[in-house]
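Spelled out from the first residue to the last, the chains are:
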Amino acid sequence: MKIEIKSLSKSFGDFRALHDIDLTIESGELVTLLGPSGSGKTTLLRIIGGLESPDSGSVWFDGHDATERSARDRRVGFVFQHYALFRNMSVFDNVAFGLHVRPNRPSKKEIAERVDHLLALVQMRGFERRRPSQLSGGQRQRVALARALAVEPKVLLLDEPFGALDAQVRRELRRWLRHLHDEMNVTGVFVTHDQDEALEVADRVVVMNKGAIEQVGVPMEIYDKPATPFVYQFIGNVNRVPCVIAGGEARLGTLALPLNGVDAPDGTHATVFFRPHDLKLAPAGGANGIAATVRHISVLGANVRIDLAADNDLPLEAELPRVQFDELTLKQGDKVVVIPNDPKIFPGAAPATSTP
């Protein structure tokens, strides 16, 4: 099912949840809506599913205007964060529920076969007679997904489906979900504020902020080529260093950076962004770069995180492979020079960090 969102807007009182959204999701694609709280991602998901109506704009399914259709008529399946399972029903009955209430109800045999197939698909065969209270969080979410798939939806909508689970279970389930989606080939829209989750699960990521779309792209593009300062700092860790454009360059300490197409006249205040792993550290005085002092060193398995302080106590972070760190023999209090490998210059001050 191909989904087209055209000029969609929605407000709740004085709060503008969505503003003039245009987005196309191809048939069979798994797209993640990623953003902090209040960015509009859940509102957009609910409008796609028919649980909310837009103030203006339209939703199209396979070339047909679905804006006024009910959620049932849209052939969508929903999976929510808190499972929404019927506590007084068994696993079997929860999965079969949607089949029993369909206008063209299948036979008991067909329902039993469908439920058995789905429970095998989500690796829950053998749990048919258990109640939700007898399952772990991860198992409950698998049952919720099987129930959503039981009615053979054209579109699967997932709203923070793993948000209530611990980190290890989340990692396992998102990999499993990606594999399951590839098997089912259903169009999926997945809402999350977890950057790692979005990058690992999605074919494409839609980064949202304050009711608007900041960037749409494949995960590697979103991470490696952020289009805006917001995307750069929201996806992964980042260092942000203020500077002033002078002589057609941006100066970071003793390092002069080319503007690389950035249109900014001399005197423009700008911010240079670079990732903690996209830099080199050298002994003080040994190279051009940003002078800094080592504040703290944390060993993270194969990598080492180094917290630094530049001029005016500007915090910086470096992440180096253990082998490279061992060659530097750094310790707390050492003076170093930070040399960005792949910096990106954005005119203007960096936006405040958003909280998911």
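Not measured: the values here are computed from a predicted model. (Residues numbered from 1 in each chain as written. Predicted model: local features only at pLDDT ≥ 70, side-chain atom pairs only at ≥ 80, totals over all residues. Heavy atoms only, no water.)

Enquirer: Would you mind showing me how to read the sheet that holds strand E16 (residues 290-300) here?
Expert: Within a sheet, adjacent strands bond to each other through the backbone by hydrogen bonds, running parallel or antiparallel. Across the sheet, which stays open at both edges, the 5 strands sit in the order E15-E19-E16-E17-E18 with antiparallel pairing between neighbours. The open sheet has two edge strands, strand E15 (279-283) and strand E18 (315-321), and neither has a second partner. Across the sheet, the mean angle separating the axes of adjacent strands is 45 degrees when strand polarity is ignored. Relative to E18, strand E17 (residues 303-309) runs antiparallel, the two being bridged by 7 bridges. Within E18, the residue paired with Asp-307 across the bridge is Glu-317. (Pairing = 2+ DSSP bridges. Helix = DSSP H or I, 4+ residues; strand = E, 2+ residues; numbered from the N terminus. Axes fitted to C-alpha atoms, helices over the stretch in contact; angles between N-to-C directions.)

Enquirer: How should I be thinking about the pairing of strand E1 (residues 3-12) in this particular structure?
Expert: Bridge count for E1 against strand E4 (residues 56-61) is 5 bridges, and the pairing is antiparallel. Looking at E4, one finds that Ser-9 is bridged to Ser-56. Relative to strand E2 (residues 15-25), E1 is paired through 7 bridges, and the arrangement is antiparallel. For Ser-11, the partnering residue across the bridge sits in E2 and is Arg-16. What sits between E1 and E2 in their antiparallel hairpin is a turn of 2 residues, with Gly-13 showing a positive phi close to 65 degrees.

Enquirer: Explain the environment of Asp-278 here, please?
Expert: With respect to the secondary-structure elements, Asp-278 resides in the loop between strand E14 (269-274) and E15. Residue class for Asp-278 comes out partly exposed when judged on its relative accessible area of 21%. Here the alpha-carbon distance between Asp-278 and Asn-237, two residues 41 residues apart in the chain, equals 11 Å. (Buried < 20%, exposed > 50% of the residue type's maximum accessible area, 1.4 Å probe, protein only.)

Enquirer: Teacher, can you tell me more about a nonpolar patch on the surface here?
Expert: Side chains of Phe-86, Phe-97 and Val-101 sit close together on the surface and give an oily, nonpolar patch of about 220 Å² of accessible area. When its relative accessible area of 31% is taken as the criterion, Phe-97 is described as partly exposed. (Patch = residues over 30% accessible without salt bridge, like charges linked within 9 Å, V, L, I, M, F, W, Y side chains within 5 Å. Areas by Shrake-Rupley, 256 points an atom, 1.4 Å probe, with all protein chains shown as cover. Salt bridge = Lys/Arg side-chain N within 4 Å of Asp/Glu carboxyl O.)

Enquirer: Just checking my understanding: could you explain the packing of helix H2 (residues 91-100) against helix H4 (residues 137-150) for this structure?
Expert: Helix-helix packing is described using two parameters, namely the angle between the two axes and the distance between the axes. Between H2 and H4, the least distance of the axes is 7 Å, while the angle of their chain directions is 25 degrees. Between H2 and H4, the angle falls in the class roughly parallel. In this structure, the crossing between H2 and H4 has a hand that is right-handed. Residues Val-91, Asn-94, Val-95 and Leu-99 of H2 lie in contact with H4, whose contacting residues are Val-143, Ala-146, Arg-147 and Ala-150. (Parallel < 35°, antiparallel > 145°, perpendicular 65-115°, else oblique. Left-handed = near helix turned anticlockwise from the far one by under 90°. Contact = heavy atoms within 4.5 Å.)

Enquirer: Teacher, can you tell me more about the sheet that holds E4 here?
Expert: An order of E2-E1-E4-E5 is seen for the 4 strands of this open sheet, with the pairing classed as antiparallel. Where the open sheet ends on each side, the last strands, each with one partner, are E2 and strand E5 (64-65). Relative to E5, E4 is paired through 2 bridges, and the arrangement is antiparallel. Along E5, the bridge assignment pairs Trp-60 with Asp-65.

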